[in-house]
Protein chains: 2
Amino acid sequence: MPSVDPAWLPPGAFRALGTRRTLIRGSGPLVETVHGEVAEACARFGGRVVRDSEPGAAAYDLVLDVRDSDGLGDEGFTYAREGGRATVTASAPAGLLYGLLHVVRLGEDAFRGERRARETHRPAVALRMVDHWDNVAVHPVMGQVERGYAGGSLFWADGRARGDLARVRAYGRLLAACGINAVAVNNVNVHETEARLLTDRIGEVADIAGALRPYGVRTHLSVTFAAPMVLGGLPTADPLDASVRAWWAEATARVYEAIDDFGGFVVKADSEGQPGPFAYGRSHADGADMLAAALEPYGGTVHWRAFVYDHRQDWRDRTTDRARAAYDHFTPLDGEFAANAVLQVKHGPLDFQVREPVSPLIGAMPGTRLAVEVQATQEYTGQQRHVCWLGPMWSEVLRFRPDGETEVGALARGGLVAVSNVGDDLFWTGHPLAQANLYTFGRLAWQPDADPGIALDEWIRLTFVPEETPDPVRLRDGLHAVLDGSWRTYEKYTAPLGVGFMVQPGHHYGPSVDGYEYSPWGTYHFADRDGIGVDRSAATGTGYAAQYAKPWSEVYESPGTCPDELLLFFHHVSYDHVLHSGKTVIQHIYDTHFEGVAEVEEAREVWASLADLVDPARHARGAERYEEQLRSAREWRDQVNSYFFRKSGVPDAHGRRIY
Amino acid sequence: MPSVDPAWLPPGAFRALGTRRTLIRGSGPLVETVHGEVAEACARFGGRVVRDSEPGAAAYDLVLDVRDSDGLGDEGFTYAREGGRATVTASAPAGLLYGLLHVVRLGEDAFRGERRARETHRPAVALRMVDHWDNVAVHPVMGQVERGYAGGSLFWADGRARGDLARVRAYGRLLAACGINAVAVNNVNVHETEARLLTDRIGEVADIAGALRPYGVRTHLSVTFAAPMVLGGLPTADPLDASVRAWWAEATARVYEAIDDFGGFVVKADSEGQPGPFAYGRSHADGADMLAAALEPYGGTVHWRAFVYDHRQDWRDRTTDRARAAYDHFTPLDGEFAANAVLQVKHGPLDFQVREPVSPLIGAMPGTRLAVEVQATQEYTGQQRHVCWLGPMWSEVLRFRPDGETEVGALARGGLVAVSNVGDDLFWTGHPLAQANLYTFGRLAWQPDADPGIALDEWIRLTFVPEETPDPVRLRDGLHAVLDGSWRTYEKYTAPLGVGFMVQPGHHYGPSVDGYEYSPWGTYHFADRDGIGVDRSAATGTGYAAQYAKPWSEVYESPGTCPDELLLFFHHVSYDHVLHSGKTVIQHIYDTHFEGVAEVEEAREVWASLADLVDPARHARGAERYEEQLRSAREWRDQVNSYFFRKSGVPDAHGRRIY
């Protein structure tokens, strides 16, 4: 078997560090990790590392120092460069680890010139998490990893936790290197086998936790709300029932016996068929708070997902609006959730489409800790066969100001969560360029108002080590060229103007304009011969626009002020409606679809031109995926254009081929 | 476990026979079967049966006699009634069995009054076959029975032939009682496990053959064209290669050692991914003739399916027409097929839609033995959750005169074949009323120009034994009411005017108007805002209409002469095109969809009203399925009507609700 792709931690990324003399001060397991990293780099590149026993820092290029420092918290650190020496200081070992990785990211720059001010780095968000939708037992329809496009599970194989956890440890290292500190190791749809991880199989979870712990990553577990019945044999799972509460308290105590730094539970309840408190006439706050109470003595957290909607809607019924569901369900409960209960909200009101408005629930529950969930796994964005770097989309979400003032990134007090895009694939993520999504997520979770382009540039420099190639500039420029605009390219050739969901039902890959139009899933476009879009205005539509605070409730209410890219999400307009761009809706559809394919053709050429600068296996994988992306993009273009030409009868202004 | 439904051979069906005195003359295994049947009936109802040793027929009500008789063949018989005695005469034991079953069907009428003339009954078609698309190993997508809607396989369970073959024997008895004399026991898509039935697992096939043989049913086997490679380890499956031919000869010899009356092979080659002669630059006649040569010494037959088309078509390409494929592939080979090679042709040019024209291949190959294949399993006709009695459709096909003279039934010199609708379900066919399809197929295969309504009436009388109920007339009338028109009802609420394929992709249940519109399967409707349909005329379309002989090439060529029910199969017309019925196409769509649902509502009520006259379990099963049929029919109505209303913009003339 070929060795696993090193992703953003190839040996070359450690060259600057490995050639220097480093002093490490501090103790504890994570300091050992730091020492191990430095020692390995030095062994490779000829530098030297020394522990705190030796006196005097003067002889070192880099000092990594754990000592009491105000305001850094467990994970913060300072970085300074004075007198030819770089110094990283942290209050706690985790901070030291992040500081070391900062030095790695800086490369030679870490040791070059003077930096006037001491820089302080702290994560803006305490919990930076990836959720794995991994099944232990391969699901007959969903496979092992639900919505996974990168092979099997990293954690589970042959029906149990992997015996060899070396790769899980390597994964923890990659996560730390982009700033992620928590992992949920199993699917939120908890099936029969996986339910038992909570109880008699907790030892397997503990093994995984042990492999992730050296990199400051805590382990969380998805559990079924019905566990007291399914596992405990109780006649009810009513969250207010004393025996149920006692069962959870006891089960949780056993979990912490096995994993003393266990992070907590993730729960998908009353959602797409999963059990939940509604069955007992209880609220979701009742449900979450019961689990919060069980976790509270140990410092654990329950992540309670807000993805609650009617998935058996009647498409004939235009008054029900799935987009409203989370807000309608949860805002009445604001203030009722315990301090260690986090309400985990998808960033948009529907389901990870290439373009959605920010969920109006975010910002509407000031008395509740919210986590915002994004999807690194590219369920609706090309399934890691298409290049679609999601940094710009996530950044738009995180910098959105629901009330016109505070950004989403700051409102996400309960954390930022990504559904993982990683599996046991050689390149971790199927398409090697999809690694950039995980990396960028981690960096944005650490600092939500950061420029995602900087994270991408870091990822490129770490992963491809351009300075080791004959043409660093061409390589960096080329990678930026294929990645920077790839999300907007994907948007262009798929569903237009925020309308979403024109995908093949079930697996969600490839176009089917009417695929969900007459389904029970609540995801419609209502295209007819005259126009398209969903009227979600307060005046004449479902009223969804009114769920927003000002100014957004006003901006979205009228087609005249609604941003073009969300027009069809909020309004039903005729094909000849003129956008702010000056184009009609129908011409916009045609133009973007032709443009999107042209952009893929161009990106494929750019990638091809990098063959001499990229590892051959990695390049070949990317090249093969570009063929599929181009085929698929053309299919999207032709199906979408044909569909709307057949419906509208409006010819393309430029006379291009529509079938 | 409740006992299996007796279908059309309940004890009550044997009452008339079982109360009489019967004399049987003849010998051989099938005569033993006849004797066993009569003896069992007599044991139940008090009659008497005597073998030929006793002298004098005068004392008997019924004489069943095997003796040399001209022109009856192996399966024919005469029936006469004179002097208060009924006499069945056959030349061979199989004929005697069919004669006995004729007496059973007649019931008391068999023994009542005089019949002026001796009736002669002979099957018009020698081979009357059901093909089971059963897998031995459950297929991950298709399940155990491909396109099966009646549970698992009757033949195979737990990865091998069932140990207890009592039910297979019962199945053979039911087949004989409707006139079927051949069964193919495995799927035409031959997967890895099933390939081995030909060689090291032939013993299992022999066991099944042994259970069917007592009812005059011969066993056939689907084989893979690649068998010499897959099983024999040869480097090729080229049909002209001497080692390949030798391999087949040897394999076939072994088959006949195990099953001396083996019927032959069924082959799906170069079809939907199955291997075939094209890979070696050989023709389908080369392929079929090679297998025919192997079977010839033993009297076996190869059934070579004509379902060859490009299933990876580009929907953008309007010049390729899947409907043309079978004719284009096979007519050039007419005269090249061996005498014991049968070309098995689906009745329509596409794939068992609720309405298709008769395949132009039928009648176009005078030098080739053709078998016509119909589909009893209701893949596209409600999947045995909907009542859809297919007798009238099959009868239309069989009575169609491709050249204006000879009927299809007479052209099917190679046999009539139905894809089986039977599984290990309690009621054999899922919906108890779906049994009528198998029964009717058998009776039409025996006599293709028969009135299917008579077969249905036989089925009702045998299955429900109305005279044993308090209200025979209400029961018979009720069953006719729900069955007689059910095919046209199904057509009304599904795809209109012969356009076909508006189904959910993959499983084919329920509506999806655009489900196959942008797919590679070659099944399109080309609906746009102005009109719908496929132009298959010679003048302006794909030229398919010209594949027919006169008069049909002329009839189908013009929308003015094309029958309404096939209009959209042959022509693309505007929504306001006026049909022969006087309605516009769009109003026809609306009207038929509302009517179809109303008819299902009515049928459900009729079925409900029969609760006191039908076995409770059977009635409950039907009632439960009617709920689903009605739900589904409404879904069809609303999706199809909404789709075309949105596209055409034409309101319903009667102002009914369209969404």
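Remember, predicted model here, so these are calculated numbers, not experimental data.

### Overview of the overall build of chain A
Counting its regular elements, chain A contains 20 helices and 20 strands. Relative to its length of 659 residues, chain A is compact, with a C-alpha radius of gyration of 25 Å against a globular reference of 26 Å. Overall size of chain A, expressed as C-alpha extent along the three principal axes, is 80 × 65 × 50 Å. Per-residue burial for chain A yields a buried fraction of 62% across its 659 residues. Pairs at least 24 apart in sequence give 72% of the contacts found in chain A among residues at least 6 apart. Surface exposure of chain A reaches about 22,700 Å², of which carbon and sulfur atoms provide 51%.

### Remarks on the packing of helix α8 (residues 242-258) of chain A against helix α9 (residues 284-295) of chain A
Residues and elements named next belong to chain A. It is at 8 Å that the axes of α8 and α9 come closest, and there the two elements cross at 45°. Judged on the interaxial angle alone, α9 and α8 are oblique. Relative to α9, α8 is oriented so that their crossing is right-handed. Between α8, through Val244, Arg245, Trp248, Ala249, Thr252 and Tyr256, and α9, the contact on the second element is made entirely by Met290, Leu291, Ala293, Ala294 and Leu295.

### A look at the sheet that holds strand β1 (residues 21-25) of chain A
All names here are of chain A. Strand order in the open sheet formed by six strands is β2-β1-β3-β5-β4-β6, with mixed pairing between adjacent strands. At either margin of the open sheet sits one strand with a lone partner, and together these are β2 (48-51) and β6 (119-121). The sheet shows a mean angle of 15° between the axes of neighbouring strands, taken without regard to direction. Pairing geometry for β1 and strand β3 (residues 62-66), over four bridges, is parallel. If you follow leucine 23 over to β3, its bridge partner there is valine 63.

### Some details on the interface of chain A and chain B
On the chain B side, the residues contacting the 22 residues of chain A number 22 residues. Roughly 2,200 Å² of surface becomes buried between chain A and chain B when both sides are summed, with 46% attributable to carbon and sulfur atoms. Three residues stand out in chain A for area buried against chain B, namely Arg316, Arg529 and Arg646 of chain A, and they jointly supply 38% of the buried area on that side. If you look at where chain A meets chain B, you find six salt bridges.

### Considering unusual backbone geometry
A negative phi holds for most residues other than glycine; trans holds for most peptide bonds. Residues lysine 550 of chain A and proline 551 of chain A are joined by a peptide bond in cis, for which omega reads 5°. Topologically, proline 551 of chain A is positioned in the loop between β19 (531-532) and α17 (552-557). Within the chain, aspartate 270 of chain A stands out as a residue other than glycine whose phi angle is a positive 50°. Note on placement: aspartate 270 of chain A falls in the loop between β14 (264-267) and α9. Since its relative accessible area comes to 15%, aspartate 270 of chain A is described here as buried. Phi is positive for glutamate 272 of chain B, close to 50°, though the residue is something other than glycine. With respect to the helices and strands, the residue glutamate 272 of chain B is situated in the loop between β14 (264-267) and α9 (284-295).

### Some points on the relation of the copies chain A and chain B
Its rotation angle being 180°, the transformation that places chain A on chain B also includes 0.0 Å of axial translation and leaves an RMSD of 0.0 Å. Considering both components of the superposition, the chain copies are consistent with a two-fold axis. A shared binding surface is used by both copies, with 100% of the interface residues of chain A retained as interface residues in chain B.

### So, the nonpolar core
Core analysis: the biggest nonpolar cluster contains 209 residues, and Trp8, Trp248 and Phe644 of chain B have the highest contact counts within it. Sequence-distant contacts of tryptophan 248 of chain B, that is, excluding residues within four places in its chain, are made with Leu198, Val223, Thr224, Phe225, Ala227, Pro228, Phe265, Met290, Leu291 and Ala294 of chain B. Counting residues in each nonpolar core, the second largest holds 208 residues, with Trp156, Ala237, Val354 and Val499 of chain A among its members.

### Notes on the sheet that holds strand β18 (residues 415-419) of chain A
Within a sheet, neighbouring strands are paired by backbone hydrogen bonds and run either parallel or antiparallel to one another. All names here are of chain A. Ordered in space as β7-β12-β13-β14-β15-β16-β17-β18, the eight strands form a closed barrel in which the pairing is parallel. The average angle at which neighbouring strand axes cross in this sheet is 25°, direction not considered. Pairing analysis gives three bridges linking strand β7 (residues 128-131) to strand β12 (residues 182-184), with the strands arranged parallel. Each bridged residue has a counterpart across the sheet, and for aspartate 131 the counterpart in β12 is alanine 184. Helix-sheet contacts for α9 involve β14, β15 (301-305) and β16 (341-346), and the interaxial angle to β15 is about 160°.

### Some thoughts on helix α14 (residues 452-464) of chain B
All names here are of chain B. Its 13 residues place the ends of α14 18 Å apart at the C-alpha level, agreeing with the 18 Å of an ideal helix rising 1.5 Å per residue. Among the residues of α14, Pro452, Ala455, Leu456, Asp457, Glu458, Trp459, Ile460, Leu462, Thr463 and Phe464 are the ones counted as buried. On its buried side, α14 packs onto α3 (93-106), α11 (391-399), α13 (435-446), α15 (472-483) and α20 (616-648). By the N-cap criterion, in which a side-chain oxygen at the helix start approaches the backbone nitrogen of a residue two or three places on, α14 is capped by aspartate 451, the distance to glycine 453 being 2.7 Å.

### A word on the side chain of aspartate 238 of chain A
Residues and elements named next belong to chain A. Within the secondary structure layout, aspartate 238 lies in the loop between α7 (227-230) and α8. At a separation of 2.8 Å, a polar atom in the side chain of aspartate 238 contacts the side chain of arginine 282. Among residues more than four places away in sequence, those in contact with aspartate 238 are Val244, Tyr280 and Arg282.

### Digging into the environment of glycine 47 of chain B
Residues and elements named next belong to chain B. With respect to the secondary-structure elements, glycine 47 resides in the loop between α2 (29-45) and β2 (48-51). Measuring from C-alpha to C-alpha, the distance between glycine 47 and asparagine 181 comes to 29 Å, with 134 residues separating the pair along the chain. Glycine 47 has contacts with Gly18, Thr19, Arg20 and Cys42, leaving out every residue within four places of it along the chain.

### Some remarks on the pairing of β2 of chain A
Residue and element names in this part refer to chain A. Note that β1 and β2 share four bridges and pair parallel. When the bridges of β2 are listed, threonine 22 appears paired with valine 49. In terms of handedness, the path from β1 via helix α2 (residues 29-45) over to β2 forms a crossover that is right-handed.

### Re the environment of arginine 21 of chain B
All names here are of chain B. Inspection of the secondary structure assignment puts arginine 21 in strand β1 (residues 21-25). Once the C-alpha coordinates of arginine 21 and aspartate 514 are considered, the two residues, 493 residues apart in sequence, prove to be 63 Å apart. At 2.8 Å, the side chain of arginine 21 and the backbone oxygen of alanine 59 are in polar contact.

### Overview of the pairing of β7 of chain A
Residues and elements named next belong to chain A. Of the two faces of β7, the one lined by Arg128 and Val130 and the one lined by Met129 and Asp131 are each fully buried. Summarising the sheet, β7 and β18 pair through four bridges and their orientation is parallel. Along β18, the bridge assignment pairs valine 130 with alanine 418.

### A look at the state of the cysteines
All names here are of chain A. For the structure on display, the rule yields zero disulfides over all chains. Considering cysteine sulfurs only, cysteine 388 is the nearest to cysteine 178, which forms no disulfide, with 18 Å between them. Here cysteine 178 falls in the buried class, since its relative accessible area comes to 0%.

### A closer look at the pattern of salt bridges
All names here are of chain A. Under the counting rule described, the total for this entry stands at 103 salt bridges over all chains. The residue arginine 196 makes a salt bridge to aspartate 200 at a minimum N-O spacing of 3.3 Å. With a shortest N-O distance of 2.8 Å, aspartate 314 and arginine 316 are connected by a salt bridge. The class for aspartate 314 is partly exposed, based on a relative accessible area of 35%.

Rules used in this analysis
- Residues numbered from 1 in each chain as written.
- Chains lettered and ligands numbered in written order.
- Predicted model: local features only at pLDDT ≥ 70, side-chain atom pairs only at ≥ 80, totals over all residues.
- Heavy atoms only, no water.
- Helix = DSSP H or I, 4+ residues; strand = E, 2+ residues; numbered from the N terminus.
- Rg over C-alpha atoms; globule rule 2.2 N^0.38 Å.
- Buried < 20%, exposed > 50% of the residue type's maximum accessible area, 1.4 Å probe, protein only.
- Contact = heavy atoms within 4.5 Å.
- Areas by Shrake-Rupley, 256 points an atom, 1.4 Å probe, with all protein chains shown as cover.
- Axes fitted to C-alpha atoms, helices over the stretch in contact; angles between N-to-C directions.
- Parallel < 35°, antiparallel > 145°, perpendicular 65-115°, else oblique.
- Left-handed = near helix turned anticlockwise from the far one by under 90°.
- Pairing = 2+ DSSP bridges.
- Buried area = accessible area lost by both parts, 1.4 Å probe.
- Salt bridge = Lys/Arg side-chain N within 4 Å of Asp/Glu carboxyl O.
- Least-squares fit on C-alpha atoms with pLDDT ≥ 70 in both.
- Core = buried A, V, L, I, M, F, W, Y, C linked by side-chain atoms within 4.5 Å.
- Expected span 1.5 Å × (residues − 1).
- Polar contact = N/O pair within 3.5 Å; in protein donor to acceptor, adjacent residues only side chain to side chain.
- Right-handed = clockwise from strand over helix to strand, strands pointing away.
- Disulfide = S-S within 2.5 Å.

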